[in-house]
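Below, each chain spelled out in residue letters.
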Amino acid sequence: MTSEIYFDNNATTRVRPEVFEALAPYYAEFYGNPSSIHRFGSQVSHRLSEARVQVASLIGAADPVEVIFTSCGTEGDNAAIRGLLEMRPDKRQIITTQVEHPAILGLCQHLEKKGYRVTWLGVDQDGMLDLDELREALTDETALVSIMFANNETGVIFPIEQIGAIVKSKGVPFHVDAVQAAGKLALDVKNSPVDLMTLSAHKFHGPKGVGALYVRRGMTVPPFIIGGHQERSRRAGTENVAGIVGMGKAAELALKSQKEDFARIGALRDQLQNSLLESCPSARVNGDKVKRLPNTLNISFRYLEGESILVLLDQHGICASTGSACTAGSSEPSHVLRAMRTPADWLQGAVRFSLSRFNTEDEVRFINEKMPSIVKRLEGLSALGKLAVQHRNQTPGSDNPAASEQGGRL
Ligand code: PLP
């Protein structure tokens, strides 16, 4: 067994060797600035155009010009929402969900403080949206709707086609954060009701620090970063050439292998899930088990602390997560599980295993072997924890997302 078993691929993925090979010369050899007229520049700008075609193909965009390179998913989300708001200054309502990644949540909370009205759509116990709630929320005041494609913590997939049809029937711009979906699911923006879509390379075996924002032809979105004329004046700043070349290569490879990869990854994930449910009677899966990314398993162990499980897993070289990377290290329960009204007994004991093409059956077997003793050991220590949970449950209002002012929307 290898010494490190990496099951945290929704946080970030390993760069594929072919991607590294493709991008490395753009540091050492082809170091020109793509805006330069001389040969060093044109060699490089030509390569950026190729990468744009590769990324456009991954998402099924009609025209590569619809792809704007950014520095990450967070920038894409910010550029989309702030840009759409700037285009429609008379509209003051934003519609999003309670379970978005902090890139959207944090921004919308900030905009709420600046005077925008944010409608936070809730989810049911499986993490699914109520589309009637969306229908009712749309008004003449709505500036935009921003909804994620797939949840980074639970893997739950939202019905983007149906959502988009509702949003577009009111003539409202629709932004989708597809950071966890791109490279895992087949995407076809050309034939979908999506106006803007955010991507990030490091979630599909590309490098960190590079992403893309898809903007449908005909949609005008003012630049988020203003300065030079890069990206047709839509995103200023000298391009991250090596990163963009790497993102293009990662997109090309993902398009070729994602169907096969994720059939195999899904089978491994199911093996892990079924074995853990059988060997740990206190476990339950969080999120819809069908409409879910094939690589994601979010599983809670009753009365336990997810972080204690992670520490013991780490002693065996197994790397997983309690939620999104951005909340790792904080003991606050996940805002996604709270929005799903996960009962208090299971709220703290969530562990996310997220797989990639590099994971093997041996690794899954190894986790399945180690997990029951970890859980038993912690259960032995958790008699006190159990009492604390019972006490919390008996205290009116505590730990109940509906009763907590923040719980419903953070
Ligand atoms: N949106 C989602 C759904 C994510 O999972 C992430 C990262 O985890 C982001 C946005 C932010 O992407 P980046 O890390 O490239 O800023």
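Starting from 1, residues in each chain are numbered consecutively following that chain's sequence as written. This being a predicted model, a pLDDT of at least 70 is required before a residue's local features are given, and a value of 80 or more before pairs of side-chain atoms are given or counted; all residues contribute to the totals for chains, interfaces and linings. Only hydrogens and water are removed before side-chain values are computed, so all heavy atoms of the structure are retained for them.

A closer look at the pairing of strand S10 (residues 296-301)
In summary, the side chains of a regular strand alternate between the two faces of the sheet. Threshold: Remark: exposure states derive from per-residue accessible area (1.4 Å probe, protein chains only) relative to the maximum for the residue type, with buried under 20%, exposed over 50%, and partly exposed in between. Each helix is a run of H or I in the DSSP string that is no shorter than four residues. Each strand is a run of E no shorter than two, and both are numbered from the N terminus. DSSP-based pairing: two strands are paired if at least 2 bridges between them are found.
Within S10, six of the six residues are buried, leaving the element largely enclosed by the surrounding structure. Burial of the side chains of S10 extends over both faces: Thr296, Asn298 and Ser300 are buried on one face and Leu297, Ile299 and Phe301 on the other. Examined bridge by bridge, strand S9 (residues 283-285) and S10 share three bridges and lie antiparallel to one another. Residue pairing for S10: arginine 284 is matched across the bridge by serine 300. Alignment of S10 against strand S12 (residues 350-354), held across five bridges, turns out to be antiparallel. Pairing of threonine 296 across the sheet is with serine 354, part of S12.

Points about the pattern of salt bridges
This is how it is decided: A pairing counts as a salt bridge when a side-chain nitrogen of Lys or Arg comes within 4 Å of a carboxyl oxygen of Asp or Glu.
Considering all chains together, one arrives at 15 salt bridges under this definition. The shortest N-O distance in the salt bridge between arginine 52 and glutamate 231 comes to 2.8 Å. Separated by 179 residues along the polypeptide, arginine 52 in helix H3 (residues 39-59) and glutamate 231 in helix H8 (residues 230-233) bring together distant segments of the chain. Arginine 52 gets classed as buried once you look at its relative accessible area, which sits at 15%. On the accessibility criterion, glutamate 231 (6% relative accessible area) is buried. Connected through shared salt-bridge partners, Lys249, Glu252 and Lys256 make up one network.

Description of the packing of H3 against helix H9 (residues 241-279)
Stated precisely, the cut-off is as follows: Axis angles are defined between N-to-C directions and span 0 to 180 degrees, where every axis is a line fitted to C-alpha atoms and, for a helix, only to the segment in contact. Less than a right angle of anticlockwise turn of the near helix away from the far helix marks a crossing as left-handed, whereas a clockwise turn marks it as right-handed. Any two residues whose heavy atoms approach within 4.5 Å at even a single point are treated as in contact. As a working rule, the residues Ala, Val, Leu, Ile, Met, Phe, Trp, Tyr, Cys and Pro are called nonpolar, Asp, Glu, Lys and Arg charged, and the rest polar, with Gly in that last group.
For the pair H3 and H9, the least separation of the axes is 8 Å and the interaxial angle reads 35 degrees. Once H3 is placed against H9, the crossing between them reads as left-handed. Residues Val44, Arg47, Leu48, Ala51, Gln54, Val55, Ser57 and Leu58 of H3 form the contact with H9, whose participating residues are Val241, Ile244, Val245, Met247, Gly248, Lys249, Ala251, Glu252, Ala254, Leu255 and Gln258. Within the contact of H3 with H9, the residues separate by chemical class into 12 nonpolar, four polar and three charged.

Structural notes on the packing of H9 against helix H13 (residues 361-381)
Under the convention used in this document: Every angle not falling under 35 degrees, over 145, or within 65 to 115 is termed oblique; those three ranges are roughly parallel, roughly antiparallel and roughly perpendicular.
Running from N to C, H9 and H13 point in directions that differ by 15 degrees, and their axes come no closer than 10 Å. Looking at the two axes, H9 sits roughly parallel to H13. Note on packing geometry: the crossing formed by H9 with H13 is right-handed. Facing H9, whose interface residues are Leu268, Gln271, Leu272, Ser275, Leu276 and Ser279, H13 presents Glu361, Val364, Ile367, Asn368, Met371 and Pro372. Here the contact of H9 with H13 is built from residues that sort into seven nonpolar, four polar and one charged.

Here we look at the sheet that holds strand S6 (residues 174-177)
In a beta sheet, neighbouring strands pair by backbone hydrogen bonds and run either parallel or antiparallel. An order of S2-S8-S7-S6-S5-S3-S4 is seen for the seven strands of this open sheet, with the pairing classed as mixed. Bordering the open sheet on either side are strand S2 (67-70) and strand S4 (117-121), each of which pairs with just one other strand. When strand polarity is set aside, the average angle formed by the axes of neighbouring strands in this sheet is 20 degrees. Across four bridges, S2 lies against strand S8 (residues 211-215) in antiparallel orientation. Note on S8: the bridge partner recorded for valine 67 is tyrosine 214.

What about the side chain of serine 354?
Under the convention used in this document: Two N or O atoms count as a polar contact when they lie within 3.5 Å, although within protein this holds only if one can serve as hydrogen donor and the other as acceptor, and sequence-adjacent residues are included solely when both atoms are side-chain atoms.
By secondary structure assignment, the location of serine 354 is in strand S12. According to the relative accessible area criterion, serine 354 is buried, its value standing at 0%. Of the polar contacts made by the side chain of serine 354, one reaches the backbone nitrogen of asparagine 10; its length is 2.8 Å. Apart from residues no more than four positions distant in its own chain, serine 354 is found in contact with Phe7, Asp8, Asn9, Asn10, Asn295 and Asn359.

Describing H13
To keep things clear, this is the line we draw: One fewer than the residue count of a helix, multiplied by 1.5 Å, yields its expected span. The reported bend at a residue is simply the angle between two axes, fitted to the 7 residues ending at it and to the 7 residues beginning with it.
The terminal C-alpha atoms of H13, which comprises 21 residues, lie 31 Å apart, in line with the 30 Å expected from a rise of 1.5 Å per residue. At lysine 370, H13 is bent by approximately 25 degrees, the largest bend along its length, and proline proline 372 sits one to four residues beyond. Among the structural elements, strand S1 (5-6), H9, S10, helix H10 (306-315), strand S11 (318-319) and S12 are those in contact with the buried residues of H13.

A look at the environment of alanine 61
Along the polypeptide, alanine 61 turns up in the loop between H3 and S2. The spatial distance from the C-alpha of alanine 61 to the C-alpha of arginine 216 is 8.1 Å, given a sequence separation of 155 residues. Excluding residues within four positions of it along the chain, alanine 61 makes contact with Ala56, Glu66, Val189 and Tyr214.

Thoughts on the site of the ligand
Applied cut-off: Distances are taken per atom, and a residue is near a molecule or strand as soon as one of its heavy atoms is within 4 Å of it. Surface exposure here means Shrake-Rupley accessible area, sampled with a 1.4 Å probe, where a residue is shielded only by the protein chains that are shown.
Of all residues adjacent to the ligand, which total 13 residues, the nearest are Gly73, Thr74, Asp177, Ser200 and Lys203. At 2.6 Å from an oxygen atom of the ligand is found a side-chain nitrogen or oxygen belonging to threonine 74. Against a free-state accessible area of 380 Å², the protein chains account for coverage of 91% of the ligand. The dominant element in the shell around the ligand, judged by the number of residues it contributes, is helix H4 (residues 73-87), at three residues. A per-class count over the shell around the ligand returns three nonpolar, seven polar and three charged.

So, the nonpolar core
Cut-off, in case you're wondering: Nonpolar cores were defined as sets of buried Ala, Val, Leu, Ile, Met, Phe, Trp, Tyr and Cys residues, with membership established by side-chain atoms within 4.5 Å. Domain start and stop points were drawn from an automatic or database domain assignment.
The biggest cluster of nonpolar side chains holds 69 residues, and the ones touching the most others in it are Phe149, Phe158, Ile163 and Met197. The leading source of residues in this core is H9, at nine residues. Per-domain counts for this core show at least three residues from each of domain 1 (17-255) and domain 2 (258-394). Setting aside chain neighbours within four positions, we find methionine 197 in contact with Ile59, Phe149, His175, Val176, Ala178, Leu187, Val189, Ala212, Leu213 and Tyr214. Counting 30 residues, the second-largest nonpolar core is a separate cluster that includes Ala283, Phe301, Leu313 and Ala320.

Some points on the pairing of S6
The test is simple: Looking down the strands as they point away from the viewer, one classifies a crossover as right-handed if the path from the first strand across the helix to the second runs clockwise.
Side chains Phe174 and Val176 project from S6 onto one buried face, and the interleaved His175 and Asp177 project onto a second face that is buried too. Pairing geometry for strand S5 (residues 142-148) and S6, over four bridges, is parallel. Paired with methionine 148 across the bridge in S6 is aspartate 177. Crossover S5 to S6 through helix H7 (residues 160-169) is right-handed. Two elements, S6 and strand S7 (residues 196-200), share three bridges in a ladder whose sense is parallel. The partner of histidine 175 across the bridge, within S7, is leucine 196.

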